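# Remarks on the overall topology
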Amino acid sequence: MAEFYVAEAHWPDLYRALALSEGREPNLRVHLPREVWPFADEDNRGRVGVGDAVLAAGLLESAEPRAVAAGADRLGDLLARWHDRRARG
């Protein structure tokens, strides 16, 4: 299934422009981050790629068990690195 991220403010116009409809057998998954736009750079211009943590967290929502396992593994690695850095001060 295709997946993409859209800023919440842009979703209504995009939904109408693409003439999308909801159905019993969806073929598209749209993520609408409401708190933090995961693609923003330091200036919040949104011109950089998404970080590993966001990609890994996205995999956790998959219906595919291998994708969920990969996401959990990557998040575990990132968390371990974070703990190591904190322990070193």
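So, here's what we can say about the structure. The model shown is predicted, which means the values in this text are computed figures rather than measured ones.

What counts and how
- Residues numbered from 1 in each chain as written.
- Predicted model: local features only at pLDDT ≥ 70, side-chain atom pairs only at ≥ 80, totals over all residues.
- Heavy atoms only, no water.
- Axes fitted to C-alpha atoms, helices over the stretch in contact; angles between N-to-C directions.
- Helix = DSSP H or I, 4+ residues; strand = E, 2+ residues; numbered from the N terminus.
- Left-handed = near helix turned anticlockwise from the far one by under 90°.
- Contact = heavy atoms within 4.5 Å.
- Nonpolar A, V, L, I, M, F, W, Y, C, P; charged D, E, K, R; others polar.
- 1 Å grid on protein atoms, 1.4 Å probe; cavity = no way out; pocket = protein on both sides within 12 Å on 5 of 7 lines; lining within 4 Å.
- Points joined across faces, edges and corners; volume = space filled by probe spheres on them.
- Expected span 1.5 Å × (residues − 1).
- Buried < 20%, exposed > 50% of the residue type's maximum accessible area, 1.4 Å probe, protein only.
- Pairing = 2+ DSSP bridges.
- Right-handed = clockwise from strand over helix to strand, strands pointing away.
- Salt bridge = Lys/Arg side-chain N within 4 Å of Asp/Glu carboxyl O.

## What to know about the packing of helix H2 (residues 52-59) against helix H3 (residues 65-88)
In contact at an axis separation of 7 Å, H2 and H3 are set at 145° when each is read in the N-to-C sense. Every pair of crossing elements has a handedness; the one defined by H2 and H3 is left-handed. The residues of H3 that touch H2, namely those facing Asp52, Ala53, Ala56, Ala57 and Leu59, are Ala67, Val68, Ala70, Gly71, Arg74, Leu75 and Leu78. Grouping the constituent residues of the contact of H2 with H3 by class yields nine nonpolar, one polar and two charged.

## Here's the deal with the layout of surface pockets
Considered as a void within the structure, the largest pocket measures approximately 290 Å³ in volume. Every residue along the wall of the largest pocket is listed here: Trp11, Tyr15, Leu20, Ser21, Glu22, Gly23, Glu25, Pro26, Asn27, Leu28 and Val30. Put simply, the parts of the chain that give the lining of the largest pocket at least two residues each are helix H1 (11-17) and strand E2 (28-31). For the lining of the largest pocket, a count of residues per class yields six nonpolar, three polar and two charged.

## Observations concerning H3
Here H3 contains 24 residues, and its C-alpha end-to-end distance of 35 Å stays within 8% of the 34 Å for a straight helix at 1.5 Å per residue. Those residues of H3 that fall on the buried side of the exposure criterion are Ala67, Gly71 and Leu78. Looking at the buried positions of H3, the neighbouring elements they touch are H2. The first or second residue beyond H3 is Gly89, which carries a positive phi of 85°.

## Describing the pairing of strand E1 (residues 2-5)
As judged from the four bridges shared by E1 and E2, these two strands associate in the parallel manner. From the neighbouring strand, Glu3 faces E2, where its bridge partner is Arg29. Note that the unit made of E1, H1 and E2 has a crossover that is right-handed.

## Observations concerning the pattern of salt bridges
Charged atoms that come close allow side chains of opposite charge to pair. Taken as a whole, this structure holds two salt bridges when the rule is applied. The residue Asp13 makes a salt bridge to Arg16 at a minimum N-O spacing of 2.6 Å. Separated by three residues within a single helix, Asp13 and Arg16 lie in helix H1, roughly one turn from each other. Judged by its relative accessible area of 48%, Asp13 falls in the partly exposed class. For Arg16, a relative accessible area of 56% gives the class exposed. Of the charged contacts in the structure, one is a salt bridge between Glu64 and Arg66, with a shortest N-O distance of 3.0 Å.

Keep in mind that these numbers describe shape and distance, not what the molecule does.
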